[in-house]
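Commentary on secondary and tertiary structure
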Amino acid sequence: MEKKKNNFIKNIFIVCIIMGVALFILRIAPNYVKGLDNKINVIINYTDVTESMKQEAYIDENGNLYLSKDDIKNFYDEYIYYDEKYNQIITSSDTKLLTMSVEDNKKTINGNKTLMNAKIKEIDGKHYIPFSELEDIYNVKATYIKESNTIVIDSLDRKLEVATSLDKNEVKYKPTYFSKTVHELEKGEEVYIVQTKSNDSESKTRDFIKVRTKTGKLGYIKQNSISEKVVSREAKIENKQIEGKVSLVWEYFSEYGHAPNRTGTTIQGVNVVSPAFFTLEKLGKGNLLENVGINGEEYINWAHSNGYKVWPLISNDSMKETTSEIMRDYKLREKLINQIVDKVKKYNLDGVNIDFEYMKEEDKDLFSRFIIELTPQIKDLGKVVSVDVTAPDGSPDWSLCFDRNVLGDVTDYIMFMAYDQHGEYVKKEGDEGTVAGFDWVELNVNKFLNQEEVPAEKLVLGMPFYTRLWKIKNGDVTSSIVTMKNIEKSIPEGVTKQWDEILKQNYIQYEKDGTIYKMWIEDEKSIKEKLELVNKYNLAGSCYWVKDFETSSIWNMIEKELNKE
C-alpha cells in the first residue's frame, strides 16, 4: 500500500510538471492566427489588415482587384471624396489628383482625361474601386497570390531589403523556437525584410528578424539562417525647396498698379517674394484675373537672378459670394485650378500663396477640398503650396471658415496672419488696442500647434510692418494705418514711448484738441520679439506684410534672428 501511495504521488508530481511546462510554452508561444476561411487576406507592406477592413476585398471575373472606398479612405487617402453632383470619386496623393466617373470608365489624372480598364462598382450602397486605377496615384503595386489567397500591396516609395534562406528554414509566427511555423522555406528562397520601427520591442529580438515571404506570410526567422540583406529599392527622399527657415515678404499692388521695379536692389534676409499677381473675377465662374505684364515678368527675372523663390499671391479679394460659388461646384474648382497650374507653368513660378479671406463658415470643408485638389497638381510640378489663414477661434467668416488641421496636413506651409488683433472694425472706446500683441501672437501659435495640430515645421508666422493710430473723441473710435517707416514722423515732439512687457512693444498716448490719440508701435524691437517665437517653437519661418512699409534696418535684424544657431 505504501508503495502504491508513493507511485500515485510521483505520478501526480510528474503530471504537474508536464502541465507546468505546457502552460509555460503556451504562454511564450501565443496561438497562431490563421487566415480567415474564404476571405482574401490583404497585406499592406508588412501589416496584415484583413480583420481591420470595413468591407471584404474581392477579385472579379476578369481578375480585377476591388477595394471599398471606405477601406481606401482608411489606408490610403483620408480625403477620398464622393462628388454627388457629378457622380464621381475624387482621390489624391502628394502629386496626383484622380477623378473617376461612377457611370462609365472615364477618369482624369492631373487634368489629363483617359479611360479606366475597369469600372467602379456599387454594391449594397458602397462604392468599390478597381485598385489597378489607384496604383500610379498612390505609387503602390498590388499582387494577388493565388496559392495563399492573399493580396500584397507594396508602397514603392519605401525601402525594400531582400535576403535568401541559407538552407531549409521555418518562418515562425512569433520570435521564439516554440512558436507555430507559418511557412517553410526552401534553400535559396527569398524573403523581404520587414522595416520595423526602432522602438518596436519585437524588432529588438537578437536571434530573430521579421520577414515577409513571397506568398505574403508574415513571421520571424533566425537571423543567422539567411544571407546578408541586399537593398532592392531605396526609400524615396523628398527634397525641400527652401532649406532652413522660410522668410517671405508680400509685395502688394492692386489690379490698377503693377509689380515694382526692384532692379539693382536686394532684400536682405528674404528667400521668398509673393507679388500680388492674381485675383478671382467677381462672380466670374472660376475665372482668374492676372496682373503680371512686362513689369511682372521683369520682377520674376529679378527675383530669380537674386536667388529668391516666387510664390505669387492668389487672392479672392474678400469676395464671399464669388468664392462660395466656386467652392460649391467641382467643375468651377477644376476650372480655377487648371488656370493656376497654367500660370505656374507659363511664368516659371516656384509656388503659390493662396490668400482667400472672408468666406462663409459653411464653405469651410469645400475650401479644404479646393486646396486638397489644387496641391497635388502644383507639387507634381515640383512647386510649393502655401495658404494664408487667420487666428483660430474668431468670427464665423473670418476665422471659423478654415480647417487649419486639414490645410496644415495637405499643404507645404500655413501662413498665420498674426496681425489685425484690433482692426478697423473697432468703433467703441475701450475696444481699441494693438495690431499684434506678443501675448496674443504666442497664445495663437500654441493654438495652431496644439488645438489645431498644425506641424511646427509647416507653420510660418506672419508679422505686420504697420500699426494703427487710434483717435478717440466723445466715445467714438476711429483709426488709420501708419506704416513702420512713418511711425516716428507721426509721434509729436515731447511724447514719450512706454515699453509694455506683456505686449512686447512700445506704447504712446497723448491728447490734442479734445481728441485722445493712442498707438501700439511695431518697430524693430517688437518684430525681434516675435521672431524669437519662430525659434522658440521651431516654426517653419516668418512672413511680412508688406514690402515698402518697413524701415531699411529691419532686414539685417531679420536675417540675424532667423539664422540663429
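Values in this document were obtained by computation on a predicted structure and should not be read as measured data.

What counts as what
For every chain, the first residue of its written sequence is number 1, and the numbers climb from 1 along that sequence. The predicted origin of the model limits local features to residues at a pLDDT of at least 70 and limits the giving and counting of side-chain atom pairs to 80 or more, whereas totals for whole chains, interfaces and linings rest on all residues. Each side-chain value is derived from all of the structure's non-hydrogen atoms; neither hydrogens nor water enter the calculation. A run of DSSP states H or I qualifies as a helix once it reaches four residues; a run of E qualifies as a strand once it reaches two. Both are numbered from the N-terminal end. The atom set for the radius of gyration is the C-alpha atoms, and the globule formula is 2.2 Å times the number of residues raised to the power 0.38. In what follows, residue pairs with any heavy atoms lying within 4.5 Å of each other are defined as contacts. Here the accessible surface of atoms and residues is derived via Shrake-Rupley with a 1.4 Å probe, and residues count as covered only by protein chains that are part of the display. In this tally, Lys and Arg are treated as positive and Asp and Glu as negative; His is ignored, and so are the chain termini. Note that the charge is assigned to NZ on lysines, CZ on arginines, CG on aspartates and CD on glutamates. When a carboxyl oxygen of Asp or Glu lies within 4 Å of a side-chain nitrogen of Lys or Arg, that pair is called a salt bridge. Burial status follows relative accessibility: with a 1.4 Å probe on protein chains alone, a residue under 20% of its type maximum counts as buried, one over 50% as exposed, and anything between as partly exposed. One requirement defines pairing of two strands: DSSP has to find at least two bridges between them.

**Let's talk about the overall build of the chain**
Secondary structure summary: the chain contains 11 helices and 36 strands in total. The C-alpha atoms of the chain give 31 Å as radius of gyration, which overshoots the globular expectation for 565 residues (24 Å, by more than 25%). Principal axes of the C-alpha set define a box for the chain whose edges measure 120 × 65 × 45 Å. Counting only contacts in the chain whose residues sit at least 6 apart along the sequence, the fraction spanning at least 24 positions is 67%. Accessible surface, the chain as shown: approximately 28,300 Å² in total, 47% of it carbon and sulfur. Here the chain carries 78 positive and 92 negative side-chain charges, and the mean point of each set is 6 Å from the other.

**Side note on the pattern of salt bridges**
Under the defined criterion, the tally for this structure stands at 28 salt bridges. Two residues, Asp329 and Lys85, come together in a salt bridge whose shortest N-O distance is 2.6 Å. Of this pair, Asp329 sits in the loop between helix H5 (320-327) and helix H6 (330-346) while Lys85 sits in the loop between strand S5 (81-83) and strand S6 (88-92); the two residues are 244 residues apart in sequence, bridging distant segments of the chain. Take Lys85: its relative accessible area is 56%, and that puts it in the exposed class. Close ionic contact of Lys564 with Glu561 constitutes a salt bridge, the shortest N to O distance being 3.1 Å. Residue classification places Lys564 among the partly exposed positions, given a relative accessible area of 45%.

**Some thoughts on the environment of Met417**
The residue Met417 is located in the loop between strand S29 (413-416) and helix H9 (438-451) in this model. On the basis of relative accessible area, Met417 is assigned to the buried category, the value being 7%. For Met417 and Tyr76, which are 341 residues apart along the polypeptide, the C-alpha to C-alpha distance reads 32 Å.

**Some remarks on the sheet that holds strand S4 (residues 65-68)**
Whether parallel or antiparallel, the strands of a sheet pair through hydrogen bonds between backbone atoms. Reading across the sheet, the 4 strands line up as S3-S4-S11-S10 and stay open at both edges, with antiparallel pairing between neighbours. Looking at the sheet topology across the chains shown, the edges are occupied by strand S3 (58-59) and strand S10 (121-123). For S4 and strand S11 (residues 126-130), the ladder comprises 3 bridges, and the chain directions are antiparallel. Opposite Leu67, over in S11, you have Ile129 as the bridge partner.

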